[in-house]
Amino acid sequence: MSPVFPMLTVLSMFYYMCLRRRARTATRGEMNSRRAIESNTRALPINVEIVQYAKEVLDFSSHYGSENSMSYTMWNLAGIPNVYPSSGDFTQTAVFRTYGTWWDRCPSARLPFQRTPPTFCSQDYVELAFEEPVYPTAVHILETYHPGAVVRILACSANPYSQNPPAEVRWEILWSEAPTKVNGPQARQFTPCIKQINFPTNLIRLEVNSSLLDYYTELDAVVLHGVKERPVLSLKASMIDMNDIDEDEDEEKYGCGMDTLNKQFSVVTLREWPTNGYFDKLPYELIQLILSHLTVPDLCRLAQTCKLLYQHCCDPLQYIHLSLQPYWARINDTSLEYLQSRCTLIQWLNLSWTGNRGAISVSGFSRFLKVCGSELVRLELSCGHFLNETCLEVITEMCPNLQELNLSSCDKIPPQAFNHIAKVGSLKRLILYRTKVEQTALLSILNFCSELQHLSLGSCVMIEDYDLIASMMGAKCKKLRSLDLWRCKNITENGIAELASGCQLLEELDLGWCPTLQSSTGCFTNLARKLPNLQKLFLTANRSVCDTDIEELAASCTRLRQLDILGTRMVSPASLRKLLESCKDLSLLDVSFCSQIDNRVVLELNANFPNVFIKKSFTQ
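Source: prediction; values computed, not measured.

**Focus: the overall build of the protein chain**
- Looking only at helices and strands, the protein chain features 17 helices and 23 strands.
- Residue burial in the protein chain is summarised as follows: out of 620 residues, 54% are buried.
- Considering only contacts in the protein chain between residues 6 or more positions apart, those separated by 24 or more positions represent 80%.
- A total of about 26400 Å² of accessible surface is found on the protein chain, and carbon and sulfur atoms cover 54% of it.

Right under this line is the structure:
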């Protein structure tokens, strides 16, 4: 045979592979780039494009607003725009709970999990349902203030309005990118180039990372463009960029690698080699150290190479700290079952965002903890909507050494279930943000968990008397270092007095949007005198905060690092100067909507105190 024919065959195969990769994923980049323009020309429109706004907000991890109003809540993302194209700070938009890195620099900050894939940087999410399932052709996100937080857009195969849920729920990444800094807080329509998928969807998920933002990002609406029939791919895509192939492989490695975890966990037939090369000569501990730098999917792949590495990859010491949150879309009961034998020594476990829509059952979760819970010290279960009373009962029975429990936004747990937490007397950190914990259960927890150092009760709307809760904290929780009472509606000066007298080790206190606290009662000055170790104090939206309170903070709380007095009308520039001169470590000061602190004052303070980030939001 002529040597020309094998060459032609190889070239043909290469061309075919490139076309398949091109068809499977869209290129990255801005819409005005050459590669993005090419990707738009591949789809041959064969039916009319449907344009629709989100019909409903199904789920989200956090929001700035309260559970009983619409201001600054995720529910504002449903429907047509309320604000766009205006720019600025508007209550009719959707706002997540945090921004920047400020929450990572306070006493309540948690240590990060290692082995997180570099492509996973999501901090929050929101899921939106649309009326009509379509094959997406574009997603427009209307950002009205400090844009740039969205890092990932996903589509789901499940129709939230269907009476017959599918046997398998698939999530596909439409677009993903690392966090980027956007110059300026002005509004924009963000339209990334999205990948084509092979199923219709009416469920879109946005994931955000606000770490590079100067202030809270605000989202107004999401528009989904799509067609009812699957687009036909054009064969005219002739220009293949080799960089696309590398990017696609990265997406497969970290985005879809967990698809085959179950098979990888269960591999029993391994290659037998007469020798393992130089690996036989390395100390066991050194190989373990090398493998500790691999992500979980990489560890599973490596386990399939030979018996020696299989032994190392299955060693429970590799799973002392395990975060499955980056793979939330692919973790199910089978995954947990195959992990059981490897996680018998696990101490830190992150199952946040996992298990929803039936992926993890109560029995599957319970079986896993019964095998792997005895050494567990830290358990992260944020947004775990499969959790119920049985799960909490299993946690308290199977995890006797538990010190940290995160149930943030687990809003499906019934109120009476939280009574079980009182059995875990060793708890040092408890996060109950946006849960249905009720007063009786919380009093029991505080009574029996006297080792608590960090407690979050933000947006817990079912607690009737926060003064009684604060009194119990003051009496029982003497070691408390951080307390989040964000948007608690009924705490008064009496509760604050009990809290300040009993919890004098407090370094962080969030009293944002607590309308029943009034400066005229002396509660804030008393707080400052009793808590000299305060490093973070949020008095957000308390209009009664005045110069006397600021001056007392300057005199008594010289270690203060973060202060939020957004919305007060009674603080003058003079008292702020005293505070800035006394609190040398102050790095964050939010004076947004403070009527006496205008932009001229902010510019002057910035010039005199350049190490302090002074926040002053605006409304166009």
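That was the structure; now back to the text.
**Digging into a nonpolar patch on the surface**
- A contiguous nonpolar surface patch, about 420 Å² in accessible area, is contributed by Phe279, Leu282, Leu286, Leu289 and Ile290.
- As for its placement among the helices and strands, leucine 282 is situated in the loop between helix 4 (261-265) and helix 5 (284-291).

**Notes on the packing of helix 9 (residues 362-372) against helix 10 (residues 389-398)**
- Between helix 9 and helix 10, whose axes approach to 10 Å, the crossing angle comes to 5°. The angle between helix 9 and helix 10 places the two elements in the roughly parallel class. Taking contact as the criterion, the partners of Val362, Phe365, Ser366, Leu369 and Lys370 in helix 9 are, on helix 10, Thr390, Cys391, Val394, Ile395 and Met398.

**Overview of unusual backbone geometry**
- Residue tyrosine 84 is joined to proline 85 through a cis peptide bond whose omega torsion reads 15°.
- Structurally, the position occupied by proline 85 is in the loop between strand 3 (56-60) and strand 4 (94-95).
- At arginine 487, a residue that is not glycine, the phi angle is positive and equals roughly 60°.
- The backbone phi angle of phenylalanine 593 is positive, close to 60°, even though this residue is not glycine.

**Some details on the side chain of lysine 615**
- Structurally, lysine 615 can be placed in strand 23 (residues 613-615).
- Within the buried set, lysine 615 has no salt-bridge partner at all; the shortest N-O distance to an opposite charge, 4.8 Å, is to aspartate 214.
- At a separation of 2.8 Å, a polar atom in the side chain of lysine 615 contacts the main-chain carbonyl oxygen of aspartate 214.
- Apart from the residues lying within four places of it in its own chain, the contact partners of lysine 615 are Tyr99, Trp102, Asp214, Tyr215, Leu588, Leu589, Asp590, Val591 and Ser592.

**Some thoughts on the nonpolar core**
- Leu407, Met473 and Leu579 are the most contacted members of the largest nonpolar core, which totals 112 residues.
- Considering each element in turn, this core owes the most residues, 5 residues, to helix 11 (residues 439-448).
- Composition of this core by domain shows at least three residues from each of domain 2 (319-463) and domain 3 (478-619).
- Filtering out sequence-adjacent residues up to four positions away, leucine 579 remains in contact with Ile550, Leu553, Ala554, Leu560, Leu563, Leu586 and Leu589.
- If you look at the next biggest cluster of nonpolar residues, it comprises 30 residues, including Leu77, Phe199, Val208 and Leu224.

**Comments concerning the confidence of the model for the protein chain**
- Per-residue confidence for the protein chain averages 89 on the pLDDT scale, and 85% of its residues sit at or above 70.
- Every residue in residues 1-16 is under pLDDT 50, and counting partners more than four places away or in other chains gives 4 contacts.
- Counted against residues more than four places away or in other chains, residues 234-258, with its pLDDT under 50, gives 50 contacts.

**Observations concerning the packing of aromatic side chains**
- One pass over the full model with this rule turns up 20 aromatic pairs.
- On the numbers, 5.0 Å between centres and 75° between planes, the contact of tyrosine 215 with tyrosine 216 is edge-to-face.
- Ring geometry for phenylalanine 365 and phenylalanine 386: centres 5.5 Å apart, planes at 65°, overall edge-to-face. Placement of the pair is phenylalanine 365 in helix 9 and phenylalanine 386 in the loop between strand 14 (378-380) and helix 10, with a sequence separation of 21 residues.
- Each member of the aromatic cluster is reached from another via a ring pair, and the members are Tyr64, Tyr72, Tyr99, Trp103, Tyr145, Tyr215, Tyr216, Trp486, Trp513, Phe538 and Phe618.
- Against the face of tryptophan 486 rests arginine 97, its NZ or CZ located 3.6 Å from the ring centre.
- Over the aromatic face of tyrosine 125 sits the side chain of arginine 205, whose NZ or CZ is 3.8 Å from the ring centroid.

**A short note on the sheet that holds strand 21 (residues 562-564)**
- Pairing is parallel in the open sheet, where 12 strands are placed in the order 12-13-14-15-16-17-18-19-20-21-22-23. Edge positions in the sheet fall to strand 12 (321-323) and strand 23, since each of these pairs with one other strand and no more. Neighbour-to-neighbour, the strand axes of the sheet open up by a mean angle of 5°, direction not taken into account.
- Taken together, the 3 bridges between strand 18 (residues 482-484) and strand 19 (residues 508-510) define a ladder with parallel strand orientation. Following the sheet pairing, aspartate 484 is matched in strand 19 by aspartate 510.

**Comments concerning helix 10**
- For helix 10, the full list of buried residues reads Cys391, Leu392, Val394, Ile395 and Thr396.
- Against helix 9 and strand 14 lie the buried residues of helix 10.
- Capping the start of helix 10, asparagine 388 holds a side-chain oxygen 3.1 Å from the backbone nitrogen of threonine 390, two or three residues further along.

So, how was this worked out
- Residues numbered from 1 in each chain as written.
- Predicted model: local features only at pLDDT ≥ 70, side-chain atom pairs only at ≥ 80, totals over all residues.
- Heavy atoms only, no water.
- Helix = DSSP H or I, 4+ residues; strand = E, 2+ residues; numbered from the N terminus.
- Buried < 20%, exposed > 50% of the residue type's maximum accessible area, 1.4 Å probe, protein only.
- Contact = heavy atoms within 4.5 Å.
- Areas by Shrake-Rupley, 256 points an atom, 1.4 Å probe, with all protein chains shown as cover.
- Patch = residues over 30% accessible without salt bridge, like charges linked within 9 Å, V, L, I, M, F, W, Y side chains within 5 Å.
- Salt bridge = Lys/Arg side-chain N within 4 Å of Asp/Glu carboxyl O.
- Axes fitted to C-alpha atoms, helices over the stretch in contact; angles between N-to-C directions.
- Parallel < 35°, antiparallel > 145°, perpendicular 65-115°, else oblique.
- Lys, Arg positive; Asp, Glu negative; His and termini not counted.
- Polar contact = N/O pair within 3.5 Å; in protein donor to acceptor, adjacent residues only side chain to side chain.
- Core = buried A, V, L, I, M, F, W, Y, C linked by side-chain atoms within 4.5 Å.
- Domains from an automatic or database assignment.
- pLDDT = per-residue confidence, 0-100.
- Phe/Tyr/Trp six-rings, centres within 6.5 Å; stacked < 30°, edge-to-face > 60°.
- Lys NZ or Arg CZ within 6 Å of the ring centre and 35° of its normal.
- Pairing = 2+ DSSP bridges.

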